[in-house]
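# Coordinate inspection notes
What follows is each chain in one-letter form.
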Amino acid sequence: MGKILIPLAEGFEEIEAVTNIDVLRRAGLDVITAGIGSKNIEGDHGIKVEADTVISEIDTADLDAVVLPGGMPGAANLRDSNELRNIIKKLNEENKLCAAVCAAPIVLEAAGILDGKKATSYPGFDKDMPSCNYQEDRVVIDGNLITGRGPGVAVEFAMTLVEYLLDKETKEELQKSMLVKSN
């Protein structure tokens, strides 16, 4: 398994970013964080994070997935990154996992990969995702795309990623060790 890219932009939703980083690493996956414009990124609620690298240093050949945290203006800042949109397009063309939670599915829309696909987002962002078949489920899977509703589903979303990338047994072991209710 290659690397899982979690890009961070100013104004990201901290609980979504850190939960995905943590759960995926607990599952033994190689997660790399990349800042948009800088390694030092401040979240929507004032938490400052130092990313592993910057988006311009990412080699898509090393990637098996991209996982986008939401938050505003974080998701808009991710959407406005040409480099990130190009990474998403390339991974999608290779049928690799493209996942986004909360407001971040707008980035998948901007990358042009939601056309006709089932997807969800934080309430109200459906208007920014006109090409998809919008759903209101907590987590939606359509092929290599996984989307989630928001901060309250961060652990469920991350566990869904673990099952998709690895297997159900690893997800169940993590849920048990973290005292997470099965979904």
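Structure first, text after, so check above.
Definitions and limits used
- Residues numbered from 1 in each chain as written.
- Predicted model: local features only at pLDDT ≥ 70, side-chain atom pairs only at ≥ 80, totals over all residues.
- Heavy atoms only, no water.
- Helix = DSSP H or I, 4+ residues; strand = E, 2+ residues; numbered from the N terminus.
- Polar contact = N/O pair within 3.5 Å; in protein donor to acceptor, adjacent residues only side chain to side chain.
- Pairing = 2+ DSSP bridges.
- Axes fitted to C-alpha atoms, helices over the stretch in contact; angles between N-to-C directions.
- Contact = heavy atoms within 4.5 Å.
- Nonpolar A, V, L, I, M, F, W, Y, C, P; charged D, E, K, R; others polar.

Position of N82 among the secondary structure elements: in helix α3 (residues 82-93). Taking the C-alpha atoms as reference points, N82 and C98, 16 residues apart in sequence, are found 16 Å from one another. Here the side chain of N82 touches R85 through a polar contact of 2.2 Å, side chain to side chain.

Attention shifts here to the pairing of strand β10 (residues 139-142). Here β10 runs beside strand β11 (residues 145-148); their pairing, made up of four bridges, is antiparallel. What sits directly across from D142, in β11, is L145. Counted between consecutive antiparallel strands, the loop separating β10 from β11 contains two residues, among which G143 sits at a positive phi close to 65°.

A separate point is unusual backbone geometry. The linkage connecting M72 with the following residue, P73, adopts the cis geometry, with an omega of 15°. Counting through the fold element by element, P73 comes out in the loop between β6 (63-68) and α2 (74-79). Positive phi outside glycine occurs at C102, with the angle close to 70°. Locating C102 in the fold gives a position in the loop between β7 (97-101) and α4 (105-110). For L179, which is not glycine, the phi torsion reads 60° and is therefore positive.

Where helix α5 (residues 154-165) meets helix α6 (residues 168-178), the closest approach of the two axes is 7 Å, and the angle between their N-to-C directions is 145°. Contacts between α5 and α6 involve M159, V162 and E163 on the former and, on the latter, K168, T170, K171, L174, Q175 and M178. In the contact of α5 with α6, the residues fall into four nonpolar, two polar and three charged.

Purely geometric stuff here, so don't read any function into it on its own.
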